[in-house]
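# Structural description and commentary
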Amino acid sequence: ERAERAEAGLQVVATDLSPVAVTAMRERTAGIPGLTYEVGDMLSLPYEDATFDVVVEKGAMDVFEATAASRFDPPFEVRRSMTQALTEAHRVLREGGTFFSITFAQPHFRLPYLTLPHLSWSVQVDTFGGDGGLEYFVYRCRKGERGSAQPVPMLGSGLTRRPDSAEAPTHEHMDGENYLLCMDL
């Protein structure tokens with residue numbers, strides 16, 4: 001399998017915020033061709049635009065949500081971090097590339113972020129597990145294929161984001177607008 005990967009020219013770059021984790025994984029996987037580990041922050045990825053064909057996030061964004069008292073109405077900092085992480089993944093992804101998010105976060109919690117208007121990708125959700133165990137979800141987002149997914153309202157707010165907003169969903173935009181026109185009834 002390693003030889004096939006090397007012959008195919010497959011390059012895998014794994015990024016982690018922790019230098020300790022990166023060092024440990026470099027030691028653990030030494031000698032595997034095409035695999036490198038780098039220290040990096042998912043809120044400000046150290047890569048050029050359109051660098052990767054595939055970007056995979058496995059549970060990293062869950063860390064942001066874990067700090068919220070309620071997933072139904074997360075604080076601004078959580079919404080901002082979630083939005084920024086997805087914006088960065090979208091930025092480093094090539095046109096036609098795929099972003100995968102593997103998480104326990106159910107669609108009604110994750111889709112409001114994945115369907116933000118500035119993210120030009122289609123979103124497909126696959127569910128695994130269950131049958132007495134925990135379900136987990138794989139979100140597949142194909143860049144350049146917007147699909148039919150409309151922005152999904154944030155739970156707990158009853159409000160839909162403004163379509164021209166590339167920022168995290170917030171309540172602040174309600175000050176100068178007609179409240180009833182923004183309700184998702």
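Presented here is a report on the structure given in the accompanying data block. (Residues numbered from 1 in each chain as written. Predicted model: local features only at pLDDT ≥ 70, side-chain atom pairs only at ≥ 80, totals over all residues. Heavy atoms only, no water.)

### Digging into the layout of surface pockets
The space that makes up the largest pocket amounts to roughly 990 Å³. Val13, Ala14, Thr15, Val55 and Val56 are the residues nearest the centre of the largest pocket, which is lined by 31 residues in total. Only strand E1 (12–16), strand E3 (52–58), helix H3 (62–66), helix H4 (76–92) and strand E4 (93–103) provide two or more residues apiece to the lining of the largest pocket. Broken down by element, the lining of the largest pocket gets its largest block of residues, seven residues, from E3. Residues belonging to the lining of the largest pocket are distributed by class as follows: 21 nonpolar, four polar and six charged. (1 Å grid on protein atoms, 1.4 Å probe; cavity = no way out; pocket = protein on both sides within 12 Å on 5 of 7 lines; lining within 4 Å. Points joined across faces, edges and corners; volume = space filled by probe spheres on them. Helix = DSSP H or I, 4+ residues; strand = E, 2+ residues; numbered from the N terminus. Nonpolar A, V, L, I, M, F, W, Y, C, P; charged D, E, K, R; others polar.)

### A few points about unusual backbone geometry
The phi torsion of most residues other than glycine is negative, and most of the peptide bonds are trans. A positive phi angle, near 55°, is found at Ala50, a position not held by glycine. Within the secondary structure, Ala50 is located in the loop between strand E2 (35–39) and E3. Here Ala50 falls in the partly exposed class, since its relative accessible area comes to 38%. (Buried < 20%, exposed > 50% of the residue type's maximum accessible area, 1.4 Å probe, protein only.)

### Considerations on the side chain of Asp62
Structurally, the position occupied by Asp62 is in helix H3. Separated by 2.8 Å, the side chains of Asp62 and Arg110 make a polar contact. Excluding anything up to four places from it in sequence, Asp62 contacts Glu57, Arg71, Thr103, Phe104, Ala105 and Arg110. (Polar contact = N/O pair within 3.5 Å; in protein donor to acceptor, adjacent residues only side chain to side chain. Contact = heavy atoms within 4.5 Å.)

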